[in-house]
Every structure is written in structure tokens, then in C-alpha cells.
Amino acid sequence: MDINNITLLDVIDRRTLQNLQDAFAAATGMAALATDKNGPVTEGSNFTDFCMNLTRKSRVGADRCNQCDLKGGEEASRTGKPSVYFCTSGLMDFAAPVVVNGKHIGSLIGGQVLPEAPDEDKFRKIADELGIDQDEYIAALRKVKIIPRRQIEAAANLLWQMANALSAAGYQQLVSLENQKKKDDIIDEVNNKFNEITTSMNNVMSNILALENNFATIKDSAGASSKAVESTDGIVKAIENASTQLTLIGFNASIEAKRAGAAGAGFNVIAQEVRTLADKNTKQANEVENTLNEIKKSIVGINAQLKTCNSEILQNAEVIEKLKALVDEANVQVKNLK
């Protein structure tokens, strides 16, 4: 609802307005009707035959009455207070404005009474102007209630104050409802944001746990690789020992070849090849050992880094868990605002 474009029935429901109007008419003997910019919003209370069945049934009379109502309403709107006036048919009417937040949203009109005994000759002339039978008009006139002007003004003022008090209360209720709706909308929006944050944190937490598991798998693989590298140490040592043995065999063969003289020349060549092969094996074994040592160092470094990363992941997970708890607590507090 646009709080700046409210109507009379927005602040006072039709039934309450009708009951107020009926009670006023019954207590004062005056006619009453509630209107807004589009026309009547209630059924007329205590309307006289003089007005409704005679004067307003005449085309001229109806036009005059409408002009009077318009003029009285304009005066009431201008002053912000009840306007008491004589209509063109000689009765006394009033218009009481209903103003909310400085805006005129409707009027309570009524009266159809006389402040004193009427001059019947004057009303006979009015009957002629309206094309109404004089005797019938005077008969209806004699049924019109006579109420002193001060009492009419007091009654109009009372109805005005009651209607405006009700409309003010209704307006405040509307404002409260509108503010509550805005607050609820804001709370819902904040709640949705909290839910989005919670969902995002849950996703991050799931990713962290998955990452932690992956790190654990990598760590296990690195450990297995380290053990595999360590297991090759024995093989390298065996190769080195074999190379040493071959070298010794080569030296011994060379010595024996020299002792044999010319007969051992061929054997000396073989001994030389054996020593060369042994040297080559020793060199390759050393290279393999150096490479394996570098791999071991890298694996040790990877394990250290994995341990550090895993520790940081656990710390971040704890932070997110605490943050999630705070968000959940704030979310509960926001919901409690409703």
C-alpha cells in the first residue's frame, strides 16, 4: 500500500464508519453521510423526506444541493475544520473534513435540520422554484427537526473530532503495519543473505575437507615413495660391492697375467675390461645414489610442506566453523526480531 495515497476507508473501515455515523444521527437527530473524493462511502443516516424525496428528486434542487455540498466541502477542506452553512433549500447543513497527515481524504456531511422555526412563505417560494407542490413541501418541512445553531455546531465538531481521532489511529496503525512490512522485508533479505553465506561457508568447508583428504593421500604416497627410495639403498650398496669385487678381480687378474708373461697377454686384456666395467658400474651406482638422495631430500621437503599446509587447513577450518557459528547465531537473532 502507498502510505501517501490512502483513502478514508484505508484508515477507518466501512462498518466502523457506518456505526459511528448511525450513532451520531440517532443521538442528534441530524442526517449524516461519509464521502471521499469518489463520492459516498456509507449509507445515509436519518435523511429527511424533505431533502431526499422532494428537493433532491427535483433536477434543479439536486443541482443546487450538489453545489452546496461542494461549496461546504471546499470550505471545510480550506480551514481544516467543520463548516456549518445554510443550503439553498433553507436547511442547515455541515461538512466536517477528515484530514490525515495534512491531507484531506474525505468528509462527513450532514445536518438537514433547522436552527429555528421556518418562514413557511419562504419555503413555498422555493417549492415553486423547484417545481414541487407547496403543500407537500411544507408538510415535509414541518417534520424537519429544529436544533439551535450552537448545538448543531457542537455536534458537527464532535463528529469531526471523533472521525479524525479514529482516522489518526487508523493511520498510525497503517504506518506501523507498513513499517513492520518493511522491517520484515529487510529481515527476510538479511536472512536470505545469511543463508547464502552459510551455504558458501559449507561449500568452502567441504572443499577444505576434500583438500585435507587429498593432502593426506599425497602425504601417504610421499611416505611410500620415501620408503621405496630407502629400499633401493641396499641395491645400490650391492652394486657398489659388486663393482669393488670386480675391481679386485681385475687387479688380481692383471697380476697373474704379468706372471704368466706372453701366455697371459690375452687374459690381461680381459682383466683390463673387467676393471673398466667395475669402474663404470661404480660411477653409475654413485650417480644413482646421488639421484636417490636428491629424491629423498625432495620427498622430505614435500612432507614438511604438506604438514604445514595441513596445519593451516585445519586452522582455516576452525576459523570457518567459528564464523559459521556466529552467522547461525546472528541468523537466529534476526529471526527473533519478527
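Description of the structure in this document. (Residues numbered from 1 in each chain as written. Predicted model: local features only at pLDDT ≥ 70, side-chain atom pairs only at ≥ 80, totals over all residues. Heavy atoms only, no water.)

## Here we look at the overall build of the chain
Scanning the chain from terminus to terminus reveals eight helices and five strands. Written out in order from the N terminus, the α and β elements of the chain read α-α-β-β-α-α-β-β-β-α-α-α-α. Excluding contacts between residues fewer than 6 apart, the proportion of contacts in the chain whose partners are at least 24 apart in sequence is 65%. Accessible surface for the chain amounts to roughly 20,200 Å². Of this, 54% is attributable to carbon and sulfur atoms. (Helix = DSSP H or I, 4+ residues; strand = E, 2+ residues; numbered from the N terminus. Contact = heavy atoms within 4.5 Å. Areas by Shrake-Rupley, 256 points an atom, 1.4 Å probe, with all protein chains shown as cover.)

## With respect to the pattern of salt bridges
Here the structure, examined in full by the defined rule, presents seven salt bridges. In this structure, E153 and R149 form a salt bridge, with 2.9 Å as the shortest nitrogen-oxygen distance. One end of the pair is E153 and the other is R149, both in helix α7 (residues 149-260) and four residues apart, which spans about a single turn. Judged by relative accessible area, E153 falls into the partly exposed class, the value being 33%. Assessed through its relative accessible area of 35%, R149 is described here as partly exposed. (Salt bridge = Lys/Arg side-chain N within 4 Å of Asp/Glu carboxyl O. Buried < 20%, exposed > 50% of the residue type's maximum accessible area, 1.4 Å probe, protein only.)

## What to know about helix α5 (residues 120-130)
Of the positions making up α5, those classed as buried are F123, I126, A127 and L130. Buried residues of α5, viewed axially, fall in a sector of 105 degrees; they line one side. Looking at α5, the residues exposed on the side facing more than 90 degrees away from the buried face are D121 and K125. For α5, the elements touching its buried residues are α3 (49-55), α4 (59-79) and α6 (134-141). N-cap assignment for α5: the residue whose side-chain oxygen lies 3.2 Å from the backbone N of D121 is D119. (Arc of directions from axis to C-beta. Polar contact = N/O pair within 3.5 Å; in protein donor to acceptor, adjacent residues only side chain to side chain.)

## Brief notes about the packing of aromatic side chains
Enumeration according to the criterion identifies three aromatic pairs in this entry. Taken together, a centroid distance of 5.9 Å and an interplanar angle of 80 degrees make the contact between F24 and F94 edge-to-face. Residue F24 is found in helix α2 (residues 14-28), and its partner F94 is found in strand β4 (residues 92-100); the two are separated by 70 residues along the sequence. Residue F24 is classed as buried on the basis of its relative accessible area of 6%. A residue is classified by how much of its surface remains accessible, and F94, at 0% relative accessible area, is buried. (Phe/Tyr/Trp six-rings, centres within 6.5 Å; stacked < 30°, edge-to-face > 60°.)

## Notes on the side chain of Q21
Here Q21 is to be found in helix α2. Not counting residues up to four positions away in its chain, the partners in contact with Q21 are A32, L33, A34, T42, E43, G44 and S45.

## Things to note about the nonpolar core
Counting residues in each nonpolar core, the largest one holds 28 residues, and the members touching the most others are L8, M30 and L108. Listing elements by their share of this core, those giving two or more residues are α1 (8-11), α2, β1 (31-36), β4, β5 (103-113) and α7. With seven residues, α7 is the largest single contributor of residues to this core. If we ignore the near neighbours within four places in the chain, the residues touching L8 are L17, A34, T35, D36, V41, V98, I105 and G106. Grouped together as the second largest cluster of nonpolar side chains are 22 residues, L33, C87, A95 and L141 included. (Core = buried A, V, L, I, M, F, W, Y, C linked by side-chain atoms within 4.5 Å.)

## Observations concerning α4
Compared with the 30 Å implied by 1.5 Å per residue over 21 residues, the 31 Å span of α4 between its first and last C-alpha is a close match. Of all the positions in α4, only G61, A62, C65, C68, D69, G72, G73 and A76 are classed as buried. For α4, the angular spread of the buried residues around the axis is 130 degrees, confining them to a single face. What points out from α4, more than 90 degrees from its buried face, is the exposed set R59, Q67, K71 and R78. On the buried face of α4, the contacting elements are α3, β3 (83-86), β4, β5 and α5. Among the residues trailing α4, G80 stands out with phi positive, at a value near 75 degrees. (Expected span 1.5 Å × (residues − 1).)

## Thoughts on the packing of α5 against α6
Between α5 and α6, whose axes approach to 9 Å, the crossing angle comes to 125 degrees. Compared by their axis directions, α5 and α6 come out oblique. Judged by the twist between their axes, the crossing of α5 over α6 is right-handed. Contacts between α5 and α6 pair E120, F123, R124, I126, A127, D128 and L130 from the former with Q134, D135, Y137, I138 and L141 from the latter. (Axes fitted to C-alpha atoms, helices over the stretch in contact; angles between N-to-C directions. Parallel < 35°, antiparallel > 145°, perpendicular 65-115°, else oblique. Left-handed = near helix turned anticlockwise from the far one by under 90°.)

## Notes on the sheet that holds β1
Pairing within the open sheet is antiparallel, and its five strands lie in the order β2-β1-β5-β4-β3. This sheet does not close on itself; its edge strands, each paired only once, are β2 (39-40) and β3. Inspection of the sheet shows β4 paired to β5 by nine bridges, in the antiparallel sense. Looking across to β5, one finds that A96 is bridged to L108. With respect to the sheet, α2 is in contact with β1, β4 and β5, its orientation differing from that of β1 by roughly 155 degrees. On the sheet, α4 packs against β3, β4 and β5 and is oriented at approximately 150 degrees with respect to β3. (Pairing = 2+ DSSP bridges.)

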